[in-house]
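Given next are the chains, with one letter for each unit.
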Amino acid sequence: MVPAAWGPRPADASLGTRPGSRRRPTYHRGVNPPTETRVGSPAEALRRWPADRPVAAVLAGDRAGRSRFSLLAEPERTLRAAGLDEALSIIGSTRRGGASDPAAHGMPVYTTGWIASIPYAAGFELEPKAASAGHAVPAPVLLARVERGWVHDNRRDRWHPLNTTEPGPPTADDAGSARLGPARGLDRWGAYERAAARVVKLIRAGDAFQVNLAHRLWAEFEGSPRAVGAELTERLGPWHGCYIEHGSAAVASVSPELFLDLAPAGRVTTRPMKGTRAGHDRSLGLSPKDAAELAMIVDLMRNDLGRVCRFGSVRVTDARSIEPHGGTAAEPAVWQGVATVEGALRAGETIESLLRATLPPGSITGAPKVRAMQIIDELEPALGFDGPMARRGPYCGACGFFGDNGSAVLNVAIRTAVIEHRPGGGVCHYPVGAGIVADSDPADEWAETLTKARPFLELCGTKIGAGS
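Residues numbered from 1 in each chain as written. Predicted model: local features only at pLDDT ≥ 70, side-chain atom pairs only at ≥ 80, totals over all residues. Heavy atoms only, no water.

Caption draft 1: How the structure looks around the side chain of Arg-145. Examined against the element boundaries, Arg-145 turns out to sit in strand E5 (residues 141-146). A polar atom in the side chain of Arg-145 sits 3.2 Å from the backbone oxygen of Gly-113. Only 2.9 Å separates the side chain of Arg-145 from the side chain of Glu-147, close enough to count as a polar contact. Not counting the four nearest positions on each side in its chain, Arg-145 is found in contact with Pro-75, Glu-76, Arg-77, Thr-94, Arg-96, Thr-112, Gly-113, Trp-114 and Asp-404. (Helix = DSSP H or I, 4+ residues; strand = E, 2+ residues; numbered from the N terminus. Polar contact = N/O pair within 3.5 Å; in protein donor to acceptor, adjacent residues only side chain to side chain. Contact = heavy atoms within 4.5 Å.)

Put into structure tokens, the structure is as follows:
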């Protein structure tokens, strides 16, 4: 049975004044004064965006204010670059020299720039040996050009215009709605557990230390993709969400994980995540397995940053924290194990070279990266990754914002819905994965993926056990 349509929700109440996350907020000196108008939450604004006007967004949905600024924009244009090289050339063509560090200013607004979705398969352009199959899969990059828009400050619950005289985002009289059918793909549990067992054998044989193995869930879909993005944003409160659409495709990424935060001055931060528990389960901090998983990926990310950062500048500033994400203060949706690694780019290095050194994100491949990608490429086609979602599609790539001042804030595109919408019905894909190590239990790893998929499954009217 298809659940009832999602209707409008009231604007969020005060979002609090808790100190922000470790990522730097993006500021810019040369934009409009901060005329302030309350129009509701970013999720509500996305849901109520007029259907005849294009939209792209960077969504900081955390109600505690730990991720601070959202950007909703009416793109000047959207396009599909053929691959990573073409996309980076387009992004680089609008860069403006002489930009100062945005953290030095007090304006809570974004620069002009690009909102983008880079697929996982872009990594094969950089590491051709990582593909186990002999055929290439296109890796189109979605780009939305941002010249004007509206920035929401989570701490103050206020909107600020960016290069526009309109004080707040446009709203339609009727909020968008959507319907999802029953979740499909849950019957692959046996195939997933067999694949996970195969990965454990390869790890014990010395092929890898860790492999992130994913499977694809999906549901029939009708209505507004923006309503899907809004609903997931409200439920998950992403620290690093993103929404972008082009033609009949839309990507709604409600990720908690920061891939890269690059300031114009060249300071770069990454915050890999490993280890997930449901909100009622407080055991993550006591798990040596999950701590070891995170330590492996921290080493991988240190190595990746070291390829373009100044010698001696790469530092692990937080080896492991257990963070609440989504849900409420009393019971988060999930607990996540997170580390923080920072560095400073060498002279002459840019976001383009940084991406070439780090894509795809290490937390969703495993270590060593190339061998892990080969194993993933061998096993995942049997776990639902085919058609438009071949080689994961946008899932496990990176979504976020590239500023014309050389800054960038990109997520790891987990907790990501990929929506094919068309008259008469479409499909909403929602892949999920887990990190496999030598002592992994395949049944436990399957259960962890369902914990991550819980918001999507609930939207589909599918119940899973409290302990999964």
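Caption draft 2: Region of the structure containing helix H7 (residues 351-358). Burial of H7 is extensive: seven of the eight residues sit out of reach of the surface. Of the positions making up H7, those classed as buried are Ile-351, Glu-352, Ser-353, Leu-354, Leu-355, Ala-357 and Thr-358. (Buried < 20%, exposed > 50% of the residue type's maximum accessible area, 1.4 Å probe, protein only.)

Caption draft 3: Seen up close, unusual backbone geometry. Each neighbour pair has its own omega, and for Leu-359 with Pro-360 the value is -15°, a cis peptide bond. Position of Pro-360 among the secondary structure elements: in the loop between H7 and strand E17 (366-367). A cis amide bond links Ala-367 with the next residue in sequence, Pro-368, at an omega value of -10°. Here Pro-368 is to be found in the loop between E17 and helix H8 (369-379). Unlike most non-glycine residues, Asp-157 shows phi in positive territory, near 55°. Mapped onto the elements of the fold, Asp-157 is located in the loop between strand E6 (149-153) and strand E7 (158-162). Despite not being glycine, Arg-415 has its phi angle at roughly 45°, a positive value. If you trace the backbone, Arg-415 turns up in the loop between strand E19 (408-412) and strand E20 (416-420). Under the relative-accessibility criterion, Arg-415 is labelled buried at 7%.

Caption draft 4: Fine view of the state of the cysteines. Applying the stated criterion to the full structure yields zero disulfides. No disulfide involves Cys-428; its sulfur sits 7.0 Å from the nearest other cysteine sulfur, which is in Cys-460. (Disulfide = S-S within 2.5 Å.)

Caption draft 5: Up close: the packing of helix H5 (residues 225-236) against helix H9 (residues 442-459). It is at 11 Å that the axes of H5 and H9 come closest, and there the two elements cross at 130°. Taken together, H5 and H9 sit at an angle that is classed as oblique. Note on packing geometry: the crossing formed by H5 with H9 is right-handed. From H5, Glu-231, Leu-232, Arg-235 and Leu-236 reach across to H9, where they touch Pro-455, Glu-458 and Leu-459. Looking at the contact of H5 with H9, its residues break down into four nonpolar, no polar and three charged. (Axes fitted to C-alpha atoms, helices over the stretch in contact; angles between N-to-C directions. Parallel < 35°, antiparallel > 145°, perpendicular 65-115°, else oblique. Left-handed = near helix turned anticlockwise from the far one by under 90°. Nonpolar A, V, L, I, M, F, W, Y, C, P; charged D, E, K, R; others polar.)

Caption draft 6: Geometry of the nonpolar core. Counting 106 residues, the largest nonpolar core has Leu-143, Leu-213, Phe-259, Leu-354, Leu-355, Phe-402 and Phe-456 as the members making the most contacts within it. In this structure Phe-402 touches Ile-91, Thr-112, Gly-113, Trp-114, Ala-116, Ile-118, Ile-351, Leu-355, Ser-407, Ala-408 and Leu-410, once residues within four positions along its chain are discounted. In this structure, Tyr-110, Ile-244, Cys-399 and Ala-413 belong to the second largest nonpolar core, which totals 18 residues. (Core = buried A, V, L, I, M, F, W, Y, C linked by side-chain atoms within 4.5 Å.)

Caption draft 7: Region of interest: the packing of aromatic side chains. In total, this model carries six aromatic pairs according to the counting rule given. Their ring planes at 75° and their centres at 4.9 Å tell us that Tyr-110 and Phe-401 sit as a pair that is edge-to-face. One end of the pair, Tyr-110, is in the loop between helix H2 (84-92) and strand E4 (113-118); the other, Phe-401, is in strand E18 (residues 398-403), and 291 residues separate them in sequence. Taking relative accessible area as the criterion, Tyr-110 reaches 2% and is therefore assigned buried. In this structure Phe-401 comes out as buried when scored by relative accessible area, which is 2%. The ring of Phe-124 is capped by Arg-391, whose NZ or CZ atom sits 4.5 Å from the centre of that ring. (Phe/Tyr/Trp six-rings, centres within 6.5 Å; stacked < 30°, edge-to-face > 60°. Lys NZ or Arg CZ within 6 Å of the ring centre and 35° of its normal.)

Caption draft 8: Quick peek at the pairing of E20. The buried fraction of E20 is high, at four of five residues. Note that strand E11 (residues 249-255) and E20 share five bridges and pair antiparallel. Paired with Ala-252 across the bridge in E20 is Ala-417. For E20 and strand E21 (residues 426-436), the ladder comprises three bridges, and the chain directions are antiparallel. (Pairing = 2+ DSSP bridges.)

Caption draft 9: Main features of the environment of Gly-285. Note that Gly-285 resides in the loop between strand E14 (273-278) and helix H6 (288-306). Spatially, the C-alpha atom of Gly-285 lies 8.2 Å from that of Ser-321, the residues being 36 residues apart in sequence.

Caption draft 10: Geometry of the pairing of strand E9 (residues 210-223). Across the 14 residues of E9, 10 count as buried, placing the element largely inside the fold. The pairing of strand E8 (residues 178-180) with E9 spans three bridges and is antiparallel. From the neighbouring strand, Ala-178 faces E9, where its bridge partner is Gly-223. In this sheet, E21 lies alongside E9 in antiparallel orientation, the contact comprising 11 bridges.

Caption draft 11: Spotlight on H2. For H2, every residue scored as buried is listed here: Leu-84, Ala-87, Leu-88, Ile-90 and Ile-91. Buried residues along H2 cover an arc of 160° about the axis, so they all sit on one side. Along its buried surface, H2 packs onto strand E3 (77-81), E4, helix H3 (122-126), E5, H7 and E18. (Arc of directions from axis to C-beta.)

Caption draft 12: Quick look at the confidence of the model for the chain. In the predicted model, the chain carries a mean pLDDT of 86, and the fraction of residues at 70 or more is 87%. Considering only residues more than four positions removed or in separate chains, one finds that residues 1-39, a stretch of pLDDT under 50, has 136 contacts. (pLDDT = per-residue confidence, 0-100.)

Caption draft 13: Representation of the pattern of salt bridges in the model. In the structure shown here, the tally under the stated rule is 33 salt bridges. We note a salt bridge from Arg-95 to Glu-352, for which the minimum N-O separation is 2.8 Å. Residue Arg-95 is found in the loop between H2 and E4, and its partner Glu-352 is found in helix H7; the two are separated by 257 residues along the sequence. For Arg-95, a relative accessible area of 31% translates into the label partly exposed. Among the residues examined, Glu-352 registers a relative accessible area of 12% and is labelled buried. Within this structure, Arg-277, Asp-281, Lys-289, Asp-290, Glu-293 and Glu-445 form a network of salt bridges that share partners. (Salt bridge = Lys/Arg side-chain N within 4 Å of Asp/Glu carboxyl O.)

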